[in-house]
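# Architecture and fold: a report
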Amino acid sequence: MKKLFIAALAFVMLSVMSAPGYSAYKAEYKLDIVPSLTTAWGMGASYFADLVKQRTDGRVNIKVYPNSQLTTGQQTNAFMLLRNGTIDFAVQSTINYSPQIVQLNLFALPFFIANQPDRYKALDAITEGKAGAMVGKIVEERGAVFLAYGENGFRELTNNSRDIRKPDDMKGMKFRVVGSPLFLDIFSALGANPTAMAWSDTMSAIQQGVIDGQENPINTFYPLRVTEYHKYITNWHYIADPTLFVVNPNAWKGFSAADQEIIRQAAKDAGTYMKALARCGIDENDGGANLKYLQSINMVPEVTDWPAKLKGEGISFVDLTPAETQAFVDATKSVYAKWEPQIGADLMQAARDDMAAAAKK
Ligand code: X2X
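These notes cover the structure that comes with them. (Residues numbered from 1 in each chain as written. Predicted model: local features only at pLDDT ≥ 70, side-chain atom pairs only at ≥ 80, totals over all residues. Heavy atoms only, no water.)

## Considerations on the site of the ligand
Around the ligand, the surrounding shell consists of Val34, Trp41, Gln75, Ser93, Asn96, Asn152, Arg155, Arg176, Val178, Trp199 and Asn216. Between the ligand and Asn96 there is a distance of 2.8 Å, counted from an oxygen atom to a side-chain nitrogen or oxygen. Measuring from an oxygen atom of the ligand, one finds a side-chain N or O atom of Asn216 at 2.6 Å. Isolated, the ligand exposes 270 Å² of accessible area, and the fraction of that covered by the protein chains is 100%. Partitioned by chemical class, the residues of the shell around the ligand number four nonpolar, five polar and two charged. Lining the shell around the ligand are residues from two domains, each supplying at least three of them: domain 1 (24-153 + 241-296) and domain 2 (156-239 + 304-360). (Near = heavy atom within 4 Å. Polar contact = N/O pair within 3.5 Å; in protein donor to acceptor, adjacent residues only side chain to side chain. Areas by Shrake-Rupley, 256 points an atom, 1.4 Å probe, with all protein chains shown as cover. Nonpolar A, V, L, I, M, F, W, Y, C, P; charged D, E, K, R; others polar. Domains from an automatic or database assignment.)

In structure tokens:
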């Protein structure tokens, strides 16, 4: 009788300890981001880790590793490392995953989203619409659990020597671009001289004058003090750069259903915060909504008017006229012929439909 009792007790204890959510949790889950913690991207990722920790009462401890530490500077390998479990969580730019998931180039088609009547509405229409759901599914099929969209931001052009108002102004200039083939095509089509480089190597290349220019969202390049060297900005918004909140499937399976739900909601909330941060003081059509939201959660950033801030620092901040933008659109048309078939007709059509529906509202 006593033996039976002990055996039953051991069985009960074993099953409790092996239940998901009890014994399987790691002491630390590693989350990958490319830039520093002081960017909107870094702040969005930290906010996510904090929400998860609070809401799981410390059961799930995510640590944000900035500056491409987890990919040892090879940011375009990030998706492979997430898939094989070297990285547990990521808040990653679609650009860095696009060498492995070609459909993600959708967001980086030049002026595809920028040329809509309201570029932010158009981007939201995609991520919250049919195309965004298709992208989420593709990412899952390729081996990651997709949680939510966040935002790095629309990407602007900086350089060290002159105002760029037309493709011809870029001739012969050396631009650092991300190591994603589409970017080489875009900058070559514009007549510039692109060179692929990791973000972690870019600042020293700027300081040494190895490159003349680069393109990134203001919130991402300003904290690195790029504008101490690049006094010329072209505010062309040519491509959107949403980020994906994702998890390795094995790490995901280890969480209890209740914790999965908490994590998913935290990613959505952090995505909302990240978008507001990436847009505040940049989106000229938001009517102050992004700032109001950030005030409501007590997370107002230091800069709330980027053009004023940059102009105040002596930066030549160039807004393009519609005709000037059109010249860049025309110069990059050839890129579509090559990349649309790779992205796929269905996804292209869904994105166009999503944006058209939003433009009518
Ligand atoms: O490398 C870049 O330009 C960056 C930081 O924006 C990305 O990771 C896509």
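Anyway, onward from the coordinates.
## A few points about the pairing of strand β4 (residues 145-151)
The side chains of a regular strand alternate, residue by residue, between the two faces of the sheet. Counted residue by residue, β4 has seven buried out of seven residues, so it is predominantly covered. Pairing analysis gives six bridges linking β4 to strand β10 (residues 242-247), with the strands arranged antiparallel. Following the sheet pairing, Tyr149 is matched in β10 by Leu244. (Buried < 20%, exposed > 50% of the residue type's maximum accessible area, 1.4 Å probe, protein only. Helix = DSSP H or I, 4+ residues; strand = E, 2+ residues; numbered from the N terminus. Pairing = 2+ DSSP bridges.)

## Digging into the sheet that holds β10
On the basis of which strands lie adjacent, the open sheet formed by five strands has the order β2-β1-β3-β10-β4 and mixed pairing. Only two strands of the sheet have a single partner each, and these edge strands are β2 (62-65) and β4. Each strand of the sheet is rotated relative to its neighbour by a mean of 20°, with strand direction disregarded. Strand contacts of helix α2 (residues 40-55): β1 (29-32), β2, β3 (89-93), β4 and β10, with the helix running at about 170° to β2, the strand carrying the most contacts. (Axes fitted to C-alpha atoms, helices over the stretch in contact; angles between N-to-C directions. Contact = heavy atoms within 4.5 Å.)

## Section: the packing of aromatic side chains
Within this structure, the stated rule accounts for 21 aromatic pairs. Between Tyr25 and Phe255, the ring centres sit 5.3 Å apart and the planes meet at 85°, which makes this aromatic pair edge-to-face. On the criterion of sequence distance, the pair formed by Tyr25 in the loop between α1 (2-18) and β1 and Phe255 in the loop between α10 (249-253) and α11 (257-279) is long-range, its members being 230 residues apart. Here Tyr25 matches Phe255 in class, with each residue buried. Each ring, one from Trp236 and one from Tyr238, has its centre 4.3 Å from the other, and the planes form 25°; the classification is stacked. Taken individually, Trp236 and Tyr238 each receive the classification buried, so the pair is uniform in this respect. By way of ring pairs, the aromatic residues Tyr25, Tyr29, Phe48, Phe89, Phe245, Trp252 and Phe255 are connected into one cluster. (Phe/Tyr/Trp six-rings, centres within 6.5 Å; stacked < 30°, edge-to-face > 60°.)

## Focus: the environment of Ile62
Structurally, Ile62 can be placed in strand β2. The residues touching Ile62, leaving out its near neighbours within four places in the chain, are Tyr29, Leu31, Phe48, Ala49, Val52 and Phe89.

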